[in-house]
Amino acid sequence: MRKTRLSSGMAMLLAVLLMSTRFVSDGYKVGDTVADFKLKNVDGTSISLAGRKDVKGYIIAFTCNTCPVAKAYESRIVALNEQFAPKGYPVLAIQSNDSQRSPGDSYSAMQQRARAKSYPFPYLHDESQAVAKAFGATNTPHMFVVKKEGNAYKVAYIGAIDNNQRDASAADKKYVEQAVAELLAGKPVTTPTARAIGCGIKWRDA
């Protein structure tokens, strides 16, 4: 009986993992050029990468309202914006969960969350999920740092924010912070990827 229960649990976990990754096998890799996109912000405006001419790049955070891991990292995403937006790397937060499968991630719920938490950055609704698929995002949170080169944006980092989701003060590897600091210093990113940990994006049924 115990073996049967264990097998069932493993099967369920495998199914969730497969569901999380079924659309994202061919996302961007480090060094790839990112196609521009235009998404609706919680204030009703449309935001694109090319919309700001003063930036050196962006910290792109695929996140959501409902995932406990995303909530745990929420203040750290805010802190990244506070630290790096004045230096040319602002945060763009993107919510890609299907609201039919996750009603707490609807556009109106996003607006409420952004107001309640006083987000200092755009919170964009990827309603079609096309942007998440293009990037290869699988989790919330899933971070991408893109660097502006001419009129293009190239991926410089993909993965987790740091190595301790439970306690920011205990994290001894701050991947995103280190990547942006190195880019600002004109250095190569020493850790360009780190496995993203969080809830799987809730994909719309095909």
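Bear in mind that the values here come from a model prediction, so they are computed numbers and not experimental data.

Enquirer: Looking at this model, I keep getting lost on unusual backbone geometry. Mind explaining?
Expert: Excluding glycine, most residues fall at negative phi; most peptide bonds, likewise, are trans. Between T140 and the following residue, P141, the backbone shows a cis peptide bond with an omega angle of 0°. Tracing the sequence through the fold places P141 in the loop between β6 (139-140) and β7 (142-149). Even without being glycine, Q129 reaches a positive phi, approximately 70°. Along the polypeptide, Q129 turns up in the loop between β5 (123-125) and α4 (130-135). Classification of Q129 by relative accessible area gives buried; the value is 2%.

Enquirer: What is the right way to look at the packing of helix α2 (residues 68-84) against helix α5 (residues 175-184) in this model?
Expert: The packing of two helices is summarised by the inter-axis angle and the distance between the axes. Orientation of α2 relative to α5, taken along the N-to-C sense of each, is 15°, at an axis distance of 11 Å. It follows from the interaxial angle that α2 and α5 lie roughly parallel. Our pair here, α2 against α5, has a crossing hand that is right-handed. Within the contact between the two elements, α2 uses L80, Q83 and F84 and α5 uses V176, E177, V180, A181 and L184. Of the residues in the contact of α2 with α5, the class split is six nonpolar, one polar and one charged.

Basis of the calculations
Numbering of residues starts from 1 in every chain and runs along the sequence as written. Owing to the predicted nature of the model, reporting of local features is limited to residues with pLDDT of at least 70; listing and counting of side-chain atom pairs is limited to 80 or more, with chain, interface and lining totals taken over all residues. With hydrogens and water excluded, all non-hydrogen atoms of the structure serve as input to the side-chain values. Strands here mean DSSP runs of E at least two residues long; helices mean DSSP runs of H or I at least four residues long; both are numbered from the N terminus. We call a residue buried when its accessible area falls under 20% of the maximum for its residue type, exposed when it is over 50%, and partly exposed in between, using a 1.4 Å probe and counting protein chains only. Axes, fitted as lines to C-alpha atoms, cover a helix only where it is in contact. Angles between the N-to-C directions of the axes lie from 0 to 180 degrees. Throughout this description, any angle smaller than 35 degrees is read as roughly parallel, any larger than 145 degrees as roughly antiparallel, any in the 65 to 115 degree range as roughly perpendicular, and the remainder as oblique. Left-handed describes a crossing whose near helix is turned anticlockwise from the far helix by less than a right angle; the clockwise case is right-handed. The criterion used for residue contact is that any of the two residues' heavy atoms lie within 4.5 Å. Residues are grouped as follows: nonpolar covers Ala, Val, Leu, Ile, Met, Phe, Trp, Tyr, Cys and Pro; charged covers Asp, Glu, Lys and Arg; every other residue, Gly included, is treated as polar.

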